[in-house]
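The lines below spell out each chain.
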Amino acid sequence: MGKTDPHGHVQSFPPQIGRACRVLILGTAPSVRSLALRQSYAHPQNLFWPLMGEMFDAAPELPYAERIKRLHARGVGIWDVLERCERVGSLDSAIVRASEVANDIPGLLGTHASIAAIALNGGHAQRSFRRLVLPHVDPGRRASLALLDLPSTSPANASLSRDRKREQWRVLLDFLS
């Protein structure tokens, strides 16, 4: 999985979830660079891995598998809201709304009762999650989840400084022991 074609059909990666996941971070869909490298948040200007390095010792300089391992050890998992969509380029604003198909996040929540918070990376992930996923989450499970709307770590989101993004992303620490 995790592919794109010349027509802009994007396919998500499988979830990167450890057994004791407490916080699930959801992006919208992998970027062109991420798909080419088969790594989430692979664009060198994306702040995701630098922030994960500061909070969880999962810095971008480490091999990808080691970064994922360190996130799992701290109770953090990553995935995308969208299983597939059509998008030319990497911008969320280029996603064809009618093409959006959500990942089975309700099913994942059913098998990972330890997840206490879902962190939504950026506005498009937030809107797509609420429109395509949240209505299908069991109401009891929904009531037990914290939904964290966080600023996008994408380099396209230049409206907030790195310091402001870091400050807002540090809320993840409240859900981890």
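Going by the structure above, here's the rest.
In what follows, the accompanying structure is described. (Residues numbered from 1 in each chain as written. Predicted model: local features only at pLDDT ≥ 70, side-chain atom pairs only at ≥ 80, totals over all residues. Heavy atoms only, no water.)

### Side note on the environment of His43
Positionally, His43 belongs in the loop between helix 1 (32–37) and helix 2 (48–56). Since its relative accessible area comes to 32%, His43 is described here as partly exposed. With 11 residues separating them along the chain, His43 and Val32 place their C-alpha atoms 8.6 Å apart. If we ignore the near neighbours within four places in the chain, the residues touching His43 are Arg33 and Pro155. (Helix = DSSP H or I, 4+ residues; strand = E, 2+ residues; numbered from the N terminus. Buried < 20%, exposed > 50% of the residue type's maximum accessible area, 1.4 Å probe, protein only. Contact = heavy atoms within 4.5 Å.)

### Some details on the nonpolar core
Counting 25 residues, the largest nonpolar core has Leu24, Leu26, Val81, Ile115, Ile118 and Phe129 as the members making the most contacts within it. The contacts of Leu24, once residues within four sequence positions are left out, are Ile17, Gly77, Ile78, Trp79, Leu108, Ile115, Ala117, Ile118 and Ala119. Core analysis: the second largest hydrophobic core is formed by 23 residues, Met55, Ala117, Trp169 and Leu172 among them. (Core = buried A, V, L, I, M, F, W, Y, C linked by side-chain atoms within 4.5 Å.)

### Focus on the packing of aromatic side chains
Centre distance and the angle of the planes are the two values used to describe a pair of aromatic rings. Counted under the stated rule, the structure contains 4 aromatic pairs. Ring geometry for Tyr41 against Phe48: centres 3.8 Å apart, planes inclined by 15°, an arrangement best described as stacked. Take Tyr41: its relative accessible area is 13%, and that puts it in the buried class. Judged by its relative accessible area of 0%, Phe48 is buried. Judged by centre distance (6.0 Å) and plane angle (80°), the rings of Trp49 and Tyr64 are edge-to-face. You can see Trp49 sitting in helix 2 and its partner Tyr64 sitting in helix 3 (residues 64–74), a full 15 residues away along the chain. A single burial state applies to Trp49 and to Tyr64, both of which are buried. (Phe/Tyr/Trp six-rings, centres within 6.5 Å; stacked < 30°, edge-to-face > 60°.)

### Things to note about the sheet that holds strand 7 (residues 117–121)
Reading across the sheet, the 4 strands line up as 4-3-7-8 and stay open at both edges, with parallel pairing between neighbours. Edge strands, defined here as strands with exactly one partner in the open sheet, are strand 4 (76–80) and strand 8 (146–150). Each neighbouring strand pair of the sheet contributes to a mean axis angle of 25°, computed without reference to strand direction. Here 4 bridges tie strand 3 (residues 23–27) to strand 7, and the two strands are oriented parallel to one another. Across the sheet, Ile25 pairs through a bridge with Ala119, a residue of strand 7. Running at roughly 165° to strand 4, helix 2 makes contact with strand 3, strand 4 and strand 7 of the sheet. (Pairing = 2+ DSSP bridges. Axes fitted to C-alpha atoms, helices over the stretch in contact; angles between N-to-C directions.)

### Details of the pattern of salt bridges
In the structure shown here, the tally under the stated rule is 9 salt bridges. We note a salt bridge from Arg70 to Asp57, for which the minimum N-O separation is 2.7 Å. Here Asp57 lies in the loop between helix 2 and helix 3 and Arg70 lies in helix 3, a separation of 13 residues in the sequence. On the basis of relative accessible area, Arg70 is assigned to the partly exposed category, the value being 24%. Residues Arg70 and Glu66 are paired through a salt bridge, measuring 2.8 Å at the closest nitrogen-oxygen approach. Placement of the pair is Arg70 and Glu66 together in helix 3, with a separation of 4 residues, close to one helical turn. Judged by its relative accessible area of 25%, Glu66 falls in the partly exposed class. (Salt bridge = Lys/Arg side-chain N within 4 Å of Asp/Glu carboxyl O.)

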